[in-house]
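# Topology and contacts: notes
Below, each chain spelled out in residue letters.
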Amino acid sequence: MMNKFLFALLLLYVAPVQAKLNIFACEPEWGALAQELGADRVDIYTATTALQNPHYIEARPSLLAKARRADLVICTGAELEAGWLPIVLTQSGNAKIQASSPGFFEASSFVVKLEVPQSLDRAQGDVHAAGNPHVHLDPHNIAKIATKLTERFAQLDAANAGAYQAQGGAFQEKWRDAIAGWEARAAPLKGLPIVTYHKDMSYLINWLGLIELANLEPKPGVPPTTGHLTDLLEQLEKKPAKAIVRSAYNNPKPAQWLAERARVPAIVLPFTVGGSEQARNLYGLFDDSVARLLSATNAQ
């Protein structure tokens, strides 16, 4: 009898299990950041992989199903997901995650964007009116976005606000130390001339002080052509690059073609979490990116 009484008291005083926040992350970097800040208080679904171009995703039924159950959508914004995210949000029928709601988090809105066009002309290619959206490749941007995302977690899950603040503070301290290490290691990269595939490395280039000589794409979003690659080869004969750099999701053939003829290495950067074996989280993303770029400084 006493055992039953004690058991009843135990049930009375045991705290109820808190439901986790369901996170819909548009890109792997935001899923990884949500994991760092939310730990075991969040369930994360990532809509894309490092081997997919985030501009061109199909609004599949599976995405709608995940969005329908989400408490928070975390996306880059700045028109990166313009071709598919509005469909997902609208057809999900989930009022919590619409653009004007606390359940929608646009990461790029919390940092200063590069390459904001002075005017818009479709003849310029796939140019984003709000500026270059690939803000995650500057770790200082990650820190700023992490601060805002911590606040959003605390707002949506007020019962665990203190835990989110503590987790966010621990991340910021560790992240600051990591940035200092990357910047010390990357010092030899300052002034390194490179050719990139697409305008998706701008924040990394700006952060590390690299020099972007040209792009394999003749215009943003326009696939490389034989004529453009031939012109680039002539350009590099006059002003050489140290490497041809592309993201993991880019077509490798144009970079290989130019690298072989210009006699410089073709370097594949992970671009986001999951883009290489080493880039398993945000720390690995920058560890591996810096290491791969440093290999170009000893290539010749």
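Residues numbered from 1 in each chain as written. Predicted model: local features only at pLDDT ≥ 70, side-chain atom pairs only at ≥ 80, totals over all residues. Heavy atoms only, no water.

### Examining the overall build of the chain
Helix and strand content of the chain: 10 helices and 8 strands. Classification of the 300 residues of the chain by burial places 48% in the buried group. Of the contacts made within the chain by residues no fewer than 6 positions apart, 63% connect residues no fewer than 24 positions apart. Approximately 14400 Å² of the chain is accessible, and the part contributed by carbon and sulfur atoms is 55%. Seen as two clouds, the 28 positive and the 29 negative side-chain charges of the chain have centres 3 Å apart. (Helix = DSSP H or I, 4+ residues; strand = E, 2+ residues; numbered from the N terminus. Buried < 20%, exposed > 50% of the residue type's maximum accessible area, 1.4 Å probe, protein only. Contact = heavy atoms within 4.5 Å. Areas by Shrake-Rupley, 256 points an atom, 1.4 Å probe, with all protein chains shown as cover. Lys, Arg positive; Asp, Glu negative; His and termini not counted. Charge placed at Lys NZ, Arg CZ, Asp CG, Glu CD.)

### Considering helix α10 (residues 282-297)
When the terminal C-alpha atoms of α10 are compared, their 24 Å separation across 16 residues agrees well with the 22 Å that a helix rising 1.5 Å per residue should span. Within α10, the full set of buried residues consists of Leu 282, Tyr 283, Gly 284, Leu 285, Phe 286, Asp 288, Ser 289, Val 290, Leu 293, Leu 294 and Ala 296. Where α10 is buried, its residues contact α2 (28-38), α5 (139-156), α6 (161-185), α7 (202-208), β7 (243-247) and β8 (266-269). Looking at where α10 begins, the residue whose side-chain oxygen comes 3.1 Å from the main-chain nitrogen of Tyr 283 is Asn 281. (Expected span 1.5 Å × (residues − 1). Polar contact = N/O pair within 3.5 Å; in protein donor to acceptor, adjacent residues only side chain to side chain.)

### Comments concerning the packing of helix α8 (residues 226-238) against helix α9 (residues 252-262)
Interaxial distance between α8 and α9 falls to 10 Å at its minimum, and their mutual angle equals 35 degrees. Taken as a pair, α8 and α9 cross one another with a handedness that is right-handed. Here Leu 229, Thr 230, Leu 232, Leu 233 and Leu 236 of α8 come into contact with α9, specifically with Pro 254, Trp 257, Leu 258, Arg 261 and Ala 262. Residue composition of the contact of α8 with α9, by class: 8 nonpolar, 1 polar and 1 charged. (Axes fitted to C-alpha atoms, helices over the stretch in contact; angles between N-to-C directions. Left-handed = near helix turned anticlockwise from the far one by under 90°. Nonpolar A, V, L, I, M, F, W, Y, C, P; charged D, E, K, R; others polar.)

### Description of the state of the cysteines
Across all of its chains, the model carries 1 disulfide by this definition. Each sulfur in the disulfide pair Cys 26 and Cys 75 lies 1.7 Å from the other. Taking the sign of the S-S torsion, about 40 degrees here, the bridge from Cys 26 to Cys 75 comes out right-handed. Of this pair, Cys 26 sits in the loop between β1 (21-25) and α2 while Cys 75 sits in strand β3 (residues 72-75), placing them 49 residues apart in sequence. (Disulfide = S-S within 2.5 Å.)

### Points about unusual backbone geometry
In this model, Ala 78 sits at a positive phi of 55 degrees, which is unusual for a non-glycine residue. Accessibility expressed as a relative area gives 6% for Ala 78, which makes it buried. For Phe 271, which is not glycine, the phi torsion reads 70 degrees and is therefore positive. Summarising the element assignment, Phe 271 is placed in the loop between β8 and α10. For Phe 271, a relative accessible area of 5% gives the class buried.

### Quick notes on helix α4 (residues 85-92)
Those residues of α4 that sit buried are Leu 85, Val 88, Leu 89 and Ser 92. Axial view of α4: buried residues confined to an arc of 95 degrees, hence all on one face. Taken from the residues just after α4, Gly 93 is the one with a positive phi, measuring 70 degrees. (Arc of directions from axis to C-beta.)

### Section: the nonpolar core
Membership of the largest hydrophobic core comes to 55 residues, with the highest contact counts inside it found for Trp 30, Leu 33, Phe 153, Trp 175 and Trp 182. Sort the elements by how many residues they give to this core and α10 lands first, with 8 residues. Beyond its immediate sequence surroundings of up to four residues, Trp 30 is in contact with Ala 25, Ile 74, Cys 75, Thr 76, Ala 107, Val 135, His 136, Ile 142 and Ile 145. (Core = buried A, V, L, I, M, F, W, Y, C linked by side-chain atoms within 4.5 Å.)

Shape descriptors only; they carry no functional weight alone.
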